[in-house]
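Structural features, examined
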Amino acid sequence: MNDKASTIICLAQEHLGDPYVYGAWGSPCTPELRRRYARINPSHATAIAKKCQVLNGSGTSCAGCKWQGALAYDCRGFTHWLLARVGIEITGSGATSQYNSVSNWAERGKIADMPDVVCCLFRQSGSKMEHTGMHIGGGRVIHCSAGVQTGNIGQGWTHYAVPVGLYSADEIQKAGRIKVRKTLRKGASGDEVRELQTMLAACGYDVGAVDGVFGSGTAAAVRAFQRKYGLTVDGVVGRTTWTEVYDQFRSIQSDNGTPNAYPGTALRQGSSGQNVRL
């Protein structure tokens, strides 16, 4: 990972919890800023004012506001702000125009073909991109929707785009591709189930035999894992559970001094390195 990508990740994480204001591009959140964007975007004026204690009448100043001193953005303002911090400017007033501006991107396409690099993500609805965020590697996403928050690539993202100037073509080619995993539940079978069982067992959960069959033992282990880590306890392994299982598995490997790699990295004949040895 290069310095620009690392800076974007650090900035995105540092600004988790910053507020969403429709139309904003990374300016300090103040009543004046909210008034300005409410005037510019009257259809969003109520929502913009509602979250401000001065504008909604619950306070007379910003004192005590959880967003005092924070920056404000909407979704495309957040990704634009992050890229601008490392000297990359992308054009487009909204997510759709950003994605459609071909000159913005070194590479773009559907999520199934995404390289495991820091890049912009988009969520398509009909002919438009209704949302955008920043992939920070390993399937993890930070985006601004009701505030800057974390997510993952399994949450409806449909397209990716790597900004010009963030990576060389060689860096993109060597990054490997993110594997969008299947949702697993009781009755499933195959290599992905076996991989899930291996990771859960390494984390101390009794899955029974590591046989690639999602039976009662694996389902019980998944529910116990979900309960411990505050996930929806349904015994179904979607993207959020996959991500948490991997994080815990990686943590154990790191504690044991074992090299680790994101299990979604695509490997094929001729691949080499730590991913293959793992």
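A quick note: this is a predicted structure, and the numbers were derived from the prediction, not measured.

Moving on, we come to the environment of isoleucine 9. Within the secondary structure, isoleucine 9 is located in helix α1 (residues 3-14). Here the alpha-carbon distance between isoleucine 9 and valine 21, two residues 12 residues apart in the chain, equals 22 Å. With near-sequence residues (within four places) excluded, isoleucine 9 lies in contact with Met1, Val118 and Ile136.

Here we come to the packing of aromatic side chains. Overall, the coordinates contain 6 aromatic pairs when judged by the stated rule. Ring centres of tyrosine 99 and phenylalanine 122 lie 5.1 Å apart, and the angle between their planes is 65°; on these two criteria the pair is classed as edge-to-face. Placement of tyrosine 99 in helix α5 (residues 95-100) and of phenylalanine 122 in strand β4 (residues 119-125) is noted, with a sequence separation of 23 residues between them. Through pairs of rings, three or more aromatic residues link up here, namely Tyr73, Phe78 and Trp81. A cation over an aromatic ring shows up here: arginine 108 above the ring of tyrosine 99, its NZ or CZ 4.8 Å from the ring centre. Geometry around tryptophan 157 places arginine 123 over its ring, the cationic atom sitting 4.6 Å from the centre.

Turning our attention to helix α4 (residues 75-85). Counting buried positions along α4 gives 10 out of 11 residues, so the element sits mostly inside the fold. Every buried residue belonging to α4 is among Cys75, Arg76, Gly77, Phe78, Thr79, His80, Trp81, Leu82, Leu83 and Ala84, and all of these are buried. Positive backbone phi, approximately 80°, marks glycine 87, located one or two places after α4.

Our next topic: the packing of α1 against α4. Axis separation between α1 and α4 bottoms out at 9 Å; the angle between their running directions is 135°. With respect to α4, the element α1 is oriented oblique. Crossing of α1 against α4: the hand is right-handed. Counted together, Ile8, Leu11 and Ala12 of α1 and Phe78, Trp81, Leu82, Leu83 and Arg85 of α4 form the full contact between these two elements. Classifying every residue of the contact of α1 with α4 by side-chain character gives 7 nonpolar, no polar and 1 charged.

On to the packing of helix α7 (residues 191-202) against helix α8 (residues 216-228). A pair of packed helices is captured by two measures, namely the crossing angle of their axes and the spacing between those axes. Close contact between α7 and α8 brings their axes to 11 Å; oriented N to C, the two are set at 55°. When the axis of α7 is compared with that of α8, the two are oblique. α8 is crossed by α7, and the crossing has left-handed handedness. Here Leu196, Gln197 and Leu200 of α7 come into contact with α8, specifically with Thr218, Ala221, Val222 and Phe225.

Further remarks concern the sheet that holds strand β3 (residues 105-110). Strand order in the open sheet formed by 6 strands is β3-β8-β4-β5-β6-β7, and the pairing between neighbours is antiparallel. In this open sheet, the two edge strands, each paired with only one partner strand, are β3 and β7 (148-152). Pairs of neighbouring strands in the sheet enclose a mean axial angle of 30°, with direction left out of account. Most of the contacts of α1 go to strand β5 (residues 128-137), to which it runs at about 110°, and overall it touches β5, β6 (140-144) and β7. Sheet strands in contact with α4 are β4, β5, β6, β7 and β8 (159-163), and its direction is about 40° off that of β5.

About the criteria used
Residues numbered from 1 in each chain as written. Predicted model: local features only at pLDDT ≥ 70, side-chain atom pairs only at ≥ 80, totals over all residues. Heavy atoms only, no water. Helix = DSSP H or I, 4+ residues; strand = E, 2+ residues; numbered from the N terminus. Contact = heavy atoms within 4.5 Å. Phe/Tyr/Trp six-rings, centres within 6.5 Å; stacked < 30°, edge-to-face > 60°. Lys NZ or Arg CZ within 6 Å of the ring centre and 35° of its normal. Buried < 20%, exposed > 50% of the residue type's maximum accessible area, 1.4 Å probe, protein only. Axes fitted to C-alpha atoms, helices over the stretch in contact; angles between N-to-C directions. Parallel < 35°, antiparallel > 145°, perpendicular 65-115°, else oblique. Left-handed = near helix turned anticlockwise from the far one by under 90°. Nonpolar A, V, L, I, M, F, W, Y, C, P; charged D, E, K, R; others polar. Pairing = 2+ DSSP bridges.

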